[in-house]
Amino acid sequence: MLLGSLTGPFTLECFPRDGHMNYRKLGRTGFNVSEVGHGLWGMSGWSGSEDRQSLESLQLSVDLGCDFFDTAWAYGEGHSDELVGRILKQNSGKRLFVASKIPPKNRRWPASPKDAYSEVFPRDHVLEYSDKIRKAIGVDRIDLLQFHVWEDAWTDEPEFRSTVEHLKKQKVVDSFGLSLNRWEPANGLRAIRTGLVDAVQVIYNIFDQAPEDELFPLCRELNIGVIARVPLDEGSLGGKMTLETKFPPNDWRATYFGPENLPRTLERVDRLKAILPAGMTLPEMAFRFILSNPDVGTTIPGMRKPEHVRQNLAYSDAGPLSQGLIQELRKHRWDRKPKKWAD
């Protein structure tokens, strides 16, 4: 991607296709990816997911120009990997990119400095799950394999380097990345500097602007791909939640939007609604805020329903927000520290 800043002229290396979707280089991976990708967590980790609808939505994404799909073994113990694998088979003539993630062996989210690297990503565990993921997706080589959690204290572990180098040398993966902990965008800077990391996945949205401080400048300097996850703050920036919103107990959002977080979040959402430009929806403003930043390679909303696919992918065609609105949205930054209910 071309370098730039939100205070200067907005320029991107875009590859328009069919007038619907723009494409960006995902850092040094060299992948030309749709700037709106498709996240699969909601297809296995949230209530209401159903395979027929999930596959319909995934195929619609492909038809509308999306070529980047983000999944993880932990999303249904390989189920989401299998779903995207079916989409690859149905579209064998198209170049689609798949990113997946190795689960931590101790199954603890997020990572903690108290966890030893050997308890989280030992070599045999990483190799075992990389093979499981390849089999589930139906590929010999994974486009982008990520560690699902990260703690920068592990950076100097010799096994970290030897394992990643082995994955690349044996062509198990094309590129390697890290999924950074919620609200800890700087907890990965040391690992990025090792030269082992090709892309990072981080929470970035109107509320969570902290990646702009240190992470994005370093990624820009070293040509590291940036995947912006949680573009709608797990749904609050969709603008439809109320104080009466409830989720089933088996839905992760039931914990996230509990009594400590939901009221505070809705107060901030209401402030955003008050500054919405005429004719613009809150989700549109949220997506276009992210896409206005040239440091972002792609953003990966979860989209289980076809109508969400049509809506979200269309934002790529709308272009960046005005500099005036971006500066106004800077005031809505919300710096938070990790909480147990947000794991």
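Residue positions are given per chain, counted from 1 along the sequence in the order it is written. For this predicted model, a pLDDT threshold of at least 70 governs which residues receive local features, and a threshold of 80 or more governs which side-chain atom pairs are given and counted, while totals over whole chains, interfaces and linings are taken from all residues. The basis for every side-chain value is the complete set of non-hydrogen atoms in the structure, without hydrogens or water.

Peer 1: Mind showing me how you'd approach the overall build of the protein here?
Peer 2: Note on conventions: DSSP H or I runs of at least 4 residues are helices, E runs of at least 2 residues are strands, and numbering of each starts at the N terminus. The number of helices and strands found in the protein is 12 helices and 10 strands. Two things to know: the radius of gyration comes from C-alpha atoms, and the globule rule equals 2.2 Å times the number of residues to the power 0.38. Against the 2.2 N^0.38 benchmark of 20 Å for 343 residues, the protein shows a C-alpha radius of gyration of 19 Å, consistent with a compact globule. Oriented by its inertia axes, the alpha-carbon framework of the protein measures out at about 55 × 45 × 40 Å. Any pair of residues with heavy atoms lying within 4.5 Å of one another is described as a contacting pair. Counting contacts in the protein only where the partners sit at least 6 residues apart, residues at least 24 apart contribute 76% of the total. Shrake-Rupley sampling with a 1.4 Å probe provides the accessible areas, and residues are treated as covered by the protein chains on show and by no other component. Summing over all exposed atoms, the protein offers an accessible surface of approximately 14,200 Å²; the carbon and sulfur share of this is 50%. Only four residue types enter the tally: Lys and Arg on the positive side, Asp and Glu on the negative side, with His and both chain ends excluded. Think of each charge as sitting on NZ of Lys, CZ of Arg, CG of Asp or CD of Glu. For the protein, the centre of its 46 positive side-chain charges and the centre of its 47 negative side-chain charges are spaced 0 Å apart.

Peer 1: What is the right way to look at the nonpolar core in this model?
Peer 2: Here is a general trend for soluble globular proteins: nonpolar side chains tend to be buried in one another's company. If you look at the biggest cluster of nonpolar residues, it comprises 81 residues, and the most contacted ones within it are Phe121, Phe147, Trp150, Val200, Leu215 and Met285. For this core, the element with the highest residue contribution is helix 10 (residues 282-291), accounting for seven residues. Other than its neighbours up to four places away in sequence, Phe121 contacts Ile102, Pro103, Pro104, Val126, Phe147, His148, Val149, Trp154 and Glu159. Definition used in this section: a nonpolar core is a set of buried Ala, Val, Leu, Ile, Met, Phe, Trp, Tyr and Cys residues joined via side-chain atoms within 4.5 Å. Here's how the labels work: a residue is buried when its accessible area is under 20% of the maximum for its type, exposed when over 50%, partly exposed in between, all with a 1.4 Å probe on protein chains only.

Peer 1: Is there a simple way to think about the sheet that holds strand 4 (residues 68-70) in this case?
Peer 2: Paired through their backbone hydrogen bonds, the strands of a sheet run either parallel or antiparallel. The strand order across the open sheet built from eight strands is 3-4-5-6-7-8-9-10, with neighbouring strands paired in parallel fashion. For this open sheet the edge positions go to strand 3 (38-39) and strand 10 (298-299), each flanked by a neighbour on one side alone. For two strands to be treated as a pair, DSSP must find at least two bridges joining them. Looking at chain direction, strand 6 (residues 142-147) and strand 7 (residues 173-179) are connected through five bridges and run parallel. Among the inter-strand pairings, Leu144 is bridged to a residue of strand 7, identified as Ser175. Note on geometry: axes are C-alpha line fits, over the in-contact stretch for helices, and angles between N-to-C directions span 0 to 180 degrees. Here helix 5 (residues 158-169) sits on the sheet in contact with strand 6 and strand 7, set at roughly 145° to strand 7.

Peer 1: How should helix 9 (residues 262-273) be read in this particular structure?
Peer 2: By this rule the span expected of a helix is its residue count minus one, scaled by 1.5 Å. In a regular helix each residue adds 1.5 Å, so 12 residues correspond to 16 Å; helix 9 covers 16 Å between its end C-alpha atoms and thus fits that length. The complete set of buried residues in helix 9 reads Leu262, Thr265, Leu266, Val269 and Leu272. What you see down the axis of helix 9 is that its buried residues fit within an arc of 110°, all on one side. If you follow the buried residues of helix 9, they end up packed against helix 10 and helix 12 (323-330). The arc refers to the directions leading from the helix axis to the C-beta atoms.

Peer 1: I'm lost on the packing of aromatic side chains in this one. Help?
Peer 2: Geometrically, a pair of aromatic rings is defined through the distance of the ring centres and the angle of the planes. Geometry of aromatic contacts follows a simple scheme: Phe, Tyr and Trp rings, the Trp one being its six-membered ring, pair when their centres are within 6.5 Å, and the pair is stacked under 30 degrees between planes, edge-to-face over 60, tilted otherwise. If you walk through the whole model with that rule in mind, you get 23 aromatic pairs. Taken together, the aromatic side chains of Trp41, Tyr75, Trp183, Phe247, Trp252, Tyr256, Phe257 and Trp341 make up a single cluster linked through ring pairs. Note on geometry: a ring has a charge over it if NZ (lysine) or CZ (arginine) is within 6 Å of the ring centre and within 35 degrees of the ring normal. The ring of Tyr129 has Lys132 lying over it, and the distance from NZ or CZ to the ring centre is 4.4 Å. Above the face of the Trp183 ring, Arg182 is positioned so that its terminal group lies 5.7 Å from the ring centre.

Peer 1: I tried to follow unusual backbone geometry on my own but got confused; where do I start?
Peer 2: Trans peptide bonds make up the majority, and among non-glycine residues the majority have a negative phi. Along the chain, Trp109 connects to Pro110 via a cis peptide bond; the corresponding omega equals -5°. Mapped onto the elements, Pro110 comes out in the loop between strand 5 (97-102) and helix 3 (117-120). Of note, the phi angle at Asp233 is positive, near 50°, even though the residue is not glycine. For Asp233, a relative accessible area of 0% translates into the label buried.

Peer 1: Sorry, what's going on with the side chain of Ser175 here?
Peer 2: Examined against the element boundaries, Ser175 turns out to sit in strand 7. A relative accessible area of 2% places Ser175 in the buried class. A polar contact is formed between the side chain of Ser175 and the side chain of Asp174, at a distance of 3.3 Å. Here a polar contact is taken to be a pair of N or O atoms separated by no more than 3.5 Å, where protein atoms must pair a possible hydrogen donor with a possible acceptor and residues adjacent in sequence count only if both atoms sit in side chains.

Peer 1: Explain helix 5 here, please?
Peer 2: With 12 residues, helix 5 ought to run about 16 Å at 1.5 Å a step, and its terminal C-alpha atoms sit 16 Å apart, in line with that. Of the positions making up helix 5, those classed as buried are Phe160, Thr163, Val164 and Leu167. Along the long axis of helix 5, the arc covered by the buried residues comes to 95°, so they all point the same way. Among the exposed residues of helix 5, those pointing more than 90 degrees away from its buried face are Pro158 and Lys169. Elements that come into contact with the buried residues of helix 5 comprise helix 3, helix 4 (123-137), strand 6 and strand 7. Looking one or two residues past helix 5, Lys171 carries a phi angle of roughly 60°, positive in sign.

Peer 1: Explain the pattern of salt bridges here, please?
Peer 2: Two side chains that carry opposite charge are able to pair once their charged atoms sit near each other. Take a side-chain nitrogen of Lys or Arg and a carboxyl oxygen of Asp or Glu: if they are within 4 Å of each other, that pair is a salt bridge. Taken as a whole and assessed by the stated rule, the structure comprises 24 salt bridges. For the salt bridge of Arg95 with Asp143, the shortest nitrogen-to-oxygen distance reads 3.0 Å. Separated by 48 residues along the polypeptide, Arg95 in the loop between helix 2 (79-90) and strand 5 and Asp143 in strand 6 bring together distant segments of the chain. Assessed through its relative accessible area of 45%, Arg95 is described here as partly exposed. Relative accessible area serves as the criterion here: at 13%, Asp143 is assigned to the buried category. A salt bridge links Arg336 to Asp233; its shortest N-O distance comes to 3.7 Å.

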